Amino acid sequence: MTIRVYVQSEYLSVVKLVEVDDDATLHDLKRAALELLPAGTDVSELSLSVEDDQDDDEEADRPEVTHVRDLKKGHGIRVHLHRCKHVEVYVRFANETVHRKFRPATTVGRVRNWAGRKLGMDPGDIAEHVLQVAGTTEQPDVDVHIGTLARCPQCSVTFDLVPAHRING
Amino acid sequence: MAPDEQALRADLASARFLSGEDRNRWKLEELQWPYLRVRVTARDGRQYALRLNCSGFPASPPTGTFWDSTVNTRLAFDRWPRGGERIQLAFKPEWKNGDALYIPCDRESFVGHDGWVTQYPQLVWNPAKGVCHYLEVVHELLQSRDYVCAAA
(Lines give C-alpha, C1' and ligand atoms only; values in the text may rest on other atoms or scores of the structure.)
Protein backbone atom coordinates (compact mmCIF):
# COMPACT_ATOMS: atom_id res chain seq x y z
CA MET A 1 0.00 0.00 0.00
CA THR A 2 1.23 3.48 -0.80
CA ILE A 3 0.80 6.71 1.10
CA ARG A 4 0.53 10.18 -0.38
CA VAL A 5 3.21 12.53 0.86
CA TYR A 6 2.89 16.24 0.18
CA VAL A 7 6.22 18.01 0.01
CA GLN A 8 6.95 21.70 0.44
CA SER A 9 10.35 23.35 0.52
CA GLU A 10 12.16 26.65 0.37
CA TYR A 11 13.20 25.39 -3.08
CA LEU A 12 9.66 24.72 -4.32
CA SER A 13 7.11 27.37 -5.23
CA VAL A 14 4.23 24.90 -5.15
CA VAL A 15 3.41 21.80 -3.14
CA LYS A 16 4.52 18.54 -4.75
CA LEU A 17 3.28 15.01 -4.32
CA VAL A 18 5.12 11.73 -4.02
CA GLU A 19 3.82 8.31 -3.09
CA VAL A 20 5.83 6.01 -0.88
CA ASP A 21 5.27 2.52 0.46
CA ASP A 22 3.59 2.10 3.80
CA ASP A 23 6.64 0.32 5.16
CA ALA A 24 9.17 2.88 3.90
CA THR A 25 11.54 4.41 6.41
CA LEU A 26 11.88 8.13 6.98
CA HIS A 27 15.19 7.87 5.16
CA ASP A 28 13.34 6.48 2.14
CA LEU A 29 10.79 9.25 2.45
CA LYS A 30 13.43 11.95 2.53
CA ARG A 31 15.18 10.48 -0.50
CA ALA A 32 11.90 10.43 -2.44
CA ALA A 33 11.12 14.01 -1.42
CA LEU A 34 14.57 15.23 -2.44
CA GLU A 35 13.98 13.91 -5.95
CA LEU A 36 11.20 16.45 -6.36
CA LEU A 37 13.57 19.39 -5.99
CA PRO A 38 14.88 21.24 -9.04
CA ALA A 39 17.88 19.63 -10.68
CA GLY A 40 21.15 20.88 -9.26
CA THR A 41 19.77 21.79 -5.83
CA ASP A 42 22.37 21.42 -3.10
CA VAL A 43 20.60 18.99 -0.78
CA SER A 44 23.44 18.42 1.65
CA GLU A 45 22.09 20.71 4.37
CA LEU A 46 18.39 20.03 3.99
CA SER A 47 16.43 18.72 6.96
CA LEU A 48 13.07 17.01 6.79
CA SER A 49 10.37 18.24 9.15
CA VAL A 50 6.87 16.86 9.44
CA GLU A 51 3.72 18.94 9.68
CA ASP A 52 2.21 18.26 13.06
CA ASP A 53 -1.43 18.91 13.82
CA GLN A 54 -1.00 18.39 17.52
CA ASP A 55 1.80 20.59 18.65
CA ASP A 56 4.03 23.20 17.10
CA ASP A 57 6.09 23.71 20.21
CA GLU A 58 9.63 23.42 18.95
CA GLU A 59 10.80 22.25 22.33
CA ALA A 60 8.22 19.51 22.71
CA ASP A 61 9.42 15.93 22.98
CA ARG A 62 8.33 13.89 20.02
CA PRO A 63 8.16 10.14 19.93
CA GLU A 64 10.90 8.53 17.90
CA VAL A 65 9.50 7.75 14.48
CA THR A 66 11.35 5.57 12.01
CA HIS A 67 8.71 4.54 9.49
CA VAL A 68 6.24 6.37 7.32
CA ARG A 69 3.33 4.31 8.63
CA ASP A 70 3.91 5.85 12.06
CA LEU A 71 3.21 9.28 10.57
CA LYS A 72 0.11 8.17 8.72
CA LYS A 73 -2.91 10.37 9.17
CA GLY A 74 -6.30 10.71 7.61
CA HIS A 75 -5.28 13.55 5.35
CA GLY A 76 -1.94 12.35 4.04
CA ILE A 77 1.54 13.10 5.27
CA ARG A 78 2.97 16.56 4.82
CA VAL A 79 6.66 17.28 5.08
CA HIS A 80 9.05 20.12 4.49
CA LEU A 81 12.63 20.29 3.27
CA HIS A 82 14.57 23.28 4.54
CA ARG A 83 18.10 24.21 5.52
CA CYS A 84 16.93 25.97 8.68
CA LYS A 85 15.72 23.99 11.69
CA HIS A 86 13.45 26.84 12.67
CA VAL A 87 11.96 29.93 11.12
CA GLU A 88 11.70 33.18 13.07
CA VAL A 89 8.17 34.46 12.65
CA TYR A 90 7.06 38.01 13.41
CA VAL A 91 3.40 38.97 13.26
CA ARG A 92 2.42 42.62 13.37
CA PHE A 93 -1.02 43.82 14.34
CA ALA A 94 -1.99 47.38 15.21
CA ASN A 95 1.04 48.64 17.13
CA GLU A 96 2.03 45.27 18.50
CA THR A 97 4.42 42.60 17.25
CA VAL A 98 4.47 39.01 18.46
CA HIS A 99 7.34 36.69 17.72
CA ARG A 100 8.46 33.10 18.08
CA LYS A 101 10.28 30.31 16.29
CA PHE A 102 8.40 27.65 14.36
CA ARG A 103 9.48 24.56 12.52
CA PRO A 104 9.50 25.07 8.73
CA ALA A 105 6.62 22.59 8.34
CA THR A 106 4.27 24.75 10.39
CA THR A 107 1.35 25.99 8.33
CA VAL A 108 0.36 29.61 7.86
CA GLY A 109 -3.00 28.69 9.37
CA ARG A 110 -1.42 27.52 12.62
CA VAL A 111 0.77 30.59 12.80
CA ARG A 112 -2.32 32.74 12.35
CA ASN A 113 -4.10 30.93 15.17
CA TRP A 114 -1.09 31.26 17.46
CA ALA A 115 -0.67 34.97 16.68
CA GLY A 116 -4.35 35.67 17.16
CA ARG A 117 -4.38 33.99 20.57
CA LYS A 118 -1.19 35.77 21.53
CA LEU A 119 -2.80 39.08 20.58
CA GLY A 120 -5.83 38.33 22.71
CA MET A 121 -8.33 37.59 19.97
CA ASP A 122 -11.13 35.09 20.37
CA PRO A 123 -11.33 32.23 17.85
CA GLY A 124 -14.11 33.91 15.90
CA ASP A 125 -12.05 37.07 15.45
CA ILE A 126 -8.99 35.09 14.42
CA ALA A 127 -10.96 33.43 11.62
CA GLU A 128 -11.81 36.87 10.27
CA HIS A 129 -8.15 37.75 9.78
CA VAL A 130 -5.46 36.52 7.43
CA LEU A 131 -1.68 36.72 7.38
CA GLN A 132 -0.18 38.94 4.72
CA VAL A 133 3.54 38.88 4.00
CA ALA A 134 4.85 42.26 5.16
CA GLY A 135 5.48 44.74 2.37
CA THR A 136 3.48 42.75 -0.18
CA THR A 137 -0.13 41.93 -1.01
CA GLU A 138 0.62 38.22 -0.77
CA GLN A 139 -1.73 36.34 1.52
CA PRO A 140 -0.53 32.73 1.53
CA ASP A 141 -3.13 30.01 1.82
CA VAL A 142 -3.53 28.51 5.29
CA ASP A 143 -1.92 25.25 4.16
CA VAL A 144 1.35 26.82 3.04
CA HIS A 145 4.35 25.95 5.21
CA ILE A 146 6.17 28.97 6.58
CA GLY A 147 9.43 27.43 5.40
CA THR A 148 8.25 28.07 1.86
CA LEU A 149 8.22 31.79 2.65
CA ALA A 150 11.62 31.99 4.33
CA ARG A 151 14.84 31.25 2.50
CA CYS A 152 18.02 30.29 4.30
CA PRO A 153 20.15 32.02 5.63
CA GLN A 154 17.58 34.67 6.67
CA CYS A 155 15.18 32.03 7.97
CA SER A 156 12.66 34.59 9.06
CA VAL A 157 9.38 35.98 7.83
CA THR A 158 7.27 38.93 8.92
CA PHE A 159 3.52 39.02 8.49
CA ASP A 160 0.82 41.59 9.04
CA LEU A 161 -2.40 40.23 10.49
CA VAL A 162 -5.08 41.92 8.39
CA PRO A 163 -8.86 41.62 8.16
CA ALA A 164 -10.23 39.13 5.65
CA HIS A 165 -11.76 40.75 2.62
CA ARG A 166 -15.30 41.90 2.23
CA ILE A 167 -16.06 42.12 -1.45
CA ASN A 168 -17.73 45.48 -1.81
CA GLY A 169 -18.54 47.33 -4.99
CA MET B 1 -8.78 16.67 -26.22
CA ALA B 2 -8.74 20.48 -26.28
CA PRO B 3 -5.89 22.21 -24.43
CA ASP B 4 -8.20 23.78 -21.84
CA GLU B 5 -9.75 20.44 -20.92
CA GLN B 6 -6.34 18.84 -20.85
CA ALA B 7 -5.05 21.58 -18.54
CA LEU B 8 -7.98 21.19 -16.18
CA ARG B 9 -7.60 17.42 -15.98
CA ALA B 10 -3.92 17.90 -15.14
CA ASP B 11 -4.87 20.44 -12.48
CA LEU B 12 -7.32 18.01 -10.88
CA ALA B 13 -4.43 15.55 -10.53
CA SER B 14 -2.11 18.17 -9.02
CA ALA B 15 -0.76 18.01 -5.48
CA ARG B 16 -2.57 21.21 -4.61
CA PHE B 17 -5.99 19.87 -5.58
CA LEU B 18 -5.43 16.43 -4.04
CA SER B 19 -4.10 18.02 -0.87
CA GLY B 20 -7.33 19.98 -0.52
CA GLU B 21 -9.29 16.77 -0.96
CA ASP B 22 -7.18 14.98 1.63
CA ARG B 23 -7.79 17.81 4.07
CA ASN B 24 -11.52 17.48 3.38
CA ARG B 25 -11.70 21.02 2.08
CA TRP B 26 -13.34 19.91 -1.16
CA LYS B 27 -14.16 16.79 -3.13
CA LEU B 28 -14.31 16.24 -6.86
CA GLU B 29 -17.78 15.16 -7.87
CA GLU B 30 -17.64 15.06 -11.66
CA LEU B 31 -16.02 16.59 -14.70
CA GLN B 32 -18.29 16.75 -17.71
CA TRP B 33 -16.40 19.16 -19.86
CA PRO B 34 -16.57 22.13 -19.66
CA TYR B 35 -18.44 21.74 -16.38
CA LEU B 36 -16.67 20.75 -13.20
CA ARG B 37 -18.61 19.82 -10.08
CA VAL B 38 -16.82 20.00 -6.74
CA ARG B 39 -18.25 19.83 -3.22
CA VAL B 40 -16.80 22.39 -0.83
CA THR B 41 -16.97 21.83 2.93
CA ALA B 42 -18.44 24.45 5.24
CA ARG B 43 -17.66 25.14 8.90
CA ASP B 44 -20.60 23.06 10.06
CA GLY B 45 -19.57 20.08 7.92
CA ARG B 46 -22.15 20.67 5.21
CA GLN B 47 -20.93 20.32 1.67
CA TYR B 48 -22.01 22.70 -1.06
CA ALA B 49 -21.63 21.57 -4.64
CA LEU B 50 -20.20 24.11 -7.04
CA ARG B 51 -20.66 23.77 -10.79
CA LEU B 52 -17.96 25.66 -12.63
CA ASN B 53 -17.73 26.33 -16.34
CA CYS B 54 -14.01 25.95 -17.00
CA SER B 55 -13.82 26.69 -20.72
CA GLY B 56 -10.61 28.51 -21.56
CA PHE B 57 -8.88 27.18 -18.45
CA PRO B 58 -6.47 28.26 -17.07
CA ALA B 59 -6.02 31.53 -18.97
CA SER B 60 -9.68 32.31 -18.42
CA PRO B 61 -11.15 32.01 -14.90
CA PRO B 62 -13.96 29.59 -14.13
CA THR B 63 -17.45 30.85 -13.52
CA GLY B 64 -20.19 29.12 -11.67
CA THR B 65 -22.62 28.79 -8.85
CA PHE B 66 -24.01 26.46 -6.21
CA TRP B 67 -25.51 23.34 -7.70
CA ASP B 68 -28.03 20.73 -6.73
CA SER B 69 -26.49 17.55 -8.08
CA THR B 70 -29.50 15.41 -7.29
CA VAL B 71 -31.69 17.25 -9.80
CA ASN B 72 -28.83 18.72 -11.85
CA THR B 73 -29.86 22.33 -11.58
CA ARG B 74 -28.78 25.46 -9.78
CA LEU B 75 -29.28 25.17 -6.03
CA ALA B 76 -32.54 26.71 -4.88
CA PHE B 77 -31.84 30.14 -3.44
CA ASP B 78 -33.31 29.28 -0.07
CA ARG B 79 -30.65 26.58 0.27
CA TRP B 80 -27.66 28.80 -0.47
CA PRO B 81 -25.19 29.39 2.37
CA ARG B 82 -26.45 32.07 4.74
CA GLY B 83 -24.66 34.31 7.14
CA GLY B 84 -23.28 37.74 7.87
CA GLU B 85 -21.93 40.48 5.68
CA ARG B 86 -19.08 38.58 4.01
CA ILE B 87 -21.36 35.73 3.02
CA GLN B 88 -24.16 37.98 1.83
CA LEU B 89 -21.77 40.02 -0.31
CA ALA B 90 -20.23 37.01 -2.04
CA PHE B 91 -23.19 34.65 -2.32
CA LYS B 92 -26.05 36.78 -3.51
CA PRO B 93 -28.78 35.18 -5.61
CA GLU B 94 -29.77 38.49 -7.18
CA TRP B 95 -26.35 38.80 -8.85
CA LYS B 96 -26.39 37.49 -12.43
CA ASN B 97 -29.62 35.71 -11.61
CA GLY B 98 -27.66 33.45 -9.29
CA ASP B 99 -25.51 32.04 -12.07
CA ALA B 100 -22.19 33.38 -10.74
CA LEU B 101 -20.68 33.97 -7.33
CA TYR B 102 -19.73 37.55 -6.58
CA ILE B 103 -16.04 36.93 -6.10
CA PRO B 104 -13.13 38.46 -8.05
CA CYS B 105 -11.89 35.09 -9.35
CA ASP B 106 -15.20 34.39 -11.11
CA ARG B 107 -15.04 35.07 -14.86
CA GLU B 108 -18.51 36.57 -15.21
CA SER B 109 -18.38 38.59 -12.02
CA PHE B 110 -14.99 40.07 -12.84
CA VAL B 111 -16.38 41.72 -15.99
CA GLY B 112 -16.84 45.44 -15.34
CA HIS B 113 -14.85 45.30 -12.11
CA ASP B 114 -11.42 46.42 -13.28
CA GLY B 115 -10.87 48.03 -9.89
CA TRP B 116 -10.78 44.61 -8.26
CA VAL B 117 -7.27 44.11 -9.63
CA THR B 118 -5.92 46.70 -7.23
CA GLN B 119 -8.61 46.34 -4.58
CA TYR B 120 -8.39 42.57 -4.17
CA PRO B 121 -5.17 41.41 -5.86
CA GLN B 122 -5.18 38.18 -3.86
CA LEU B 123 -8.68 37.26 -5.01
CA VAL B 124 -8.35 38.06 -8.70
CA TRP B 125 -7.88 34.92 -10.79
CA ASN B 126 -4.35 33.60 -10.83
CA PRO B 127 -3.88 30.92 -13.51
CA ALA B 128 -0.83 29.56 -11.69
CA LYS B 129 -2.99 28.56 -8.72
CA GLY B 130 -5.46 26.76 -10.93
CA VAL B 131 -8.98 25.81 -9.97
CA CYS B 132 -7.91 25.57 -6.31
CA HIS B 133 -7.79 29.35 -6.25
CA TYR B 134 -11.55 29.52 -6.80
CA LEU B 135 -12.18 26.67 -4.37
CA GLU B 136 -9.97 28.20 -1.67
CA VAL B 137 -11.84 31.51 -1.85
CA VAL B 138 -15.21 29.77 -1.47
CA HIS B 139 -13.90 27.42 1.21
CA GLU B 140 -12.49 30.31 3.24
CA LEU B 141 -15.87 32.05 3.16
CA LEU B 142 -17.70 28.88 4.19
CA GLN B 143 -15.29 28.48 7.10
CA SER B 144 -15.63 32.08 8.27
CA ARG B 145 -17.44 33.28 11.34
CA ASP B 146 -19.91 35.00 9.07
CA TYR B 147 -21.14 31.68 7.72
CA VAL B 148 -24.14 30.46 9.66
CA CYS B 149 -25.73 27.69 7.66
CA ALA B 150 -28.25 27.09 4.95
CA ALA B 151 -31.90 26.99 5.83
CA ALA B 152 -33.03 23.51 6.75
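Data block above holds the structure.
Residues numbered from 1 in each chain as written. Chains lettered and ligands numbered in written order. Predicted model: local features only at pLDDT ≥ 70, side-chain atom pairs only at ≥ 80, totals over all residues. Heavy atoms only, no water.

## As for the overall build of chain B
Move 1: Scanning chain B from N- to C-terminus turns up 6 helices and 5 strands.
Move 2: Its helices and strands in sequence order give chain B the pattern α-α-β-β-β-β-β-α-α-α-α, from N to C terminus.
Move 3: Relative to the compact-globule value of 15 Å for 152 residues, chain B shows a C-alpha radius of gyration of 14 Å, a close match.
Move 4: Principal-axis analysis of the C-alpha atoms gives chain B an extent of 40 × 35 × 25 Å. (Helix = DSSP H or I, 4+ residues; strand = E, 2+ residues; numbered from the N terminus. Rg over C-alpha atoms; globule rule 2.2 N^0.38 Å.)

## Let's talk about the interface of chain A and chain B
Move 1: Between chain A and chain B, the residue contacts involve 27 residues of the former and 26 residues of the latter.
Move 2: Overall, the association of chain A and chain B removes approximately 2,400 Å² of surface from exposure, summing both partners, and the carbon and sulfur fraction of that is 47%.
Move 3: When the buried area of chain A at its contact with chain B is split by residue, His165, Arg166 and Ile167 of chain A rank highest and sum to 28% of it.
Move 4: Where chain A packs against chain B, one counts 8 salt bridges.
Move 5: Across the pair arginine 23 of chain B and aspartate 143 of chain A runs a salt bridge whose closest N-O atoms are separated by 3.3 Å.
Move 6: Elements with a minimum of two residues in the side of chain A that touches chain B: β1 (2-9), β2 (16-21) and α3 (123-127) of chain A.
Move 7: For the side of chain A that touches chain B, a count of residues per class yields 7 nonpolar, 10 polar and 10 charged. (Contact = heavy atoms within 4.5 Å. Buried area = accessible area lost by both parts, 1.4 Å probe. Salt bridge = Lys/Arg side-chain N within 4 Å of Asp/Glu carboxyl O. Nonpolar A, V, L, I, M, F, W, Y, C, P; charged D, E, K, R; others polar.)

## Details of the side chain of glutamine 132 of chain A
Move 1: Within the element layout of this structure, glutamine 132 of chain A appears in strand β7 (residues 129-133).
Move 2: Ignoring any residue separated from it by four or fewer positions in sequence, one finds glutamine 132 of chain A in contact with Thr137, Glu138, Gln139, Thr158, Phe159, Asp160 and Val162 of chain A together with Gln122 of chain B.

## So, the packing of aromatic side chains
Move 1: Within the structure shown, the criterion is met by 11 aromatic pairs over all chains.
Move 2: Between phenylalanine 102 of chain A and tryptophan 114 of chain A, the aromatic rings sit 5.3 Å apart at their centres with planes inclined by 80°, giving edge-to-face as the arrangement. Remark: tryptophan 114 of chain A occurs in helix α2 (residues 108-118) and phenylalanine 102 of chain A occurs in strand β6 (residues 96-102); sequence separation between them is 12 residues. For the pair shown, phenylalanine 102 of chain A and tryptophan 114 of chain A are each scored as buried.
Move 3: Where phenylalanine 66 of chain B meets phenylalanine 91 of chain B, the ring centres are 5.0 Å apart and the plane angle is 85°; that geometry is what we call edge-to-face. With phenylalanine 66 of chain B in strand β4 (residues 63-68) and phenylalanine 91 of chain B in the loop between α3 (85-90) and α4 (107-110), the pair connects residues that are 25 residues apart, well separated along the chain.
Move 4: Put simply, the rings of Tyr48, Phe66, Phe77, Trp80, Phe91 and Tyr147 of chain B touch in pairs and so form one group of aromatic residues. (Phe/Tyr/Trp six-rings, centres within 6.5 Å; stacked < 30°, edge-to-face > 60°. Buried < 20%, exposed > 50% of the residue type's maximum accessible area, 1.4 Å probe, protein only.)

## Considerations on the sheet that holds strand β4 (residues 77-82) of chain A
Move 1: If you trace the 4 strands from one edge of the open sheet to the other, you get β2-β1-β4-β3 (chain A), paired in mixed fashion. Each edge of the open sheet is held by one strand with a lone partner, namely β2 and β3 (47-50) of chain A. The average angle at which neighbouring strand axes cross in this sheet is 35°, direction not considered.
Move 2: Pairing geometry for β1 of chain A and β2 of chain A, over 6 bridges, is antiparallel. For valine 7 of chain A, the partnering residue across the bridge sits in β2 of chain A and is lysine 16 of chain A.
Move 3: Of the strands in this sheet, β1, β2 and β4 of chain A are in contact with helix α2 (residues 15-22) of chain B, which crosses β1 of chain A at around 120°. (Pairing = 2+ DSSP bridges. Axes fitted to C-alpha atoms, helices over the stretch in contact; angles between N-to-C directions.)

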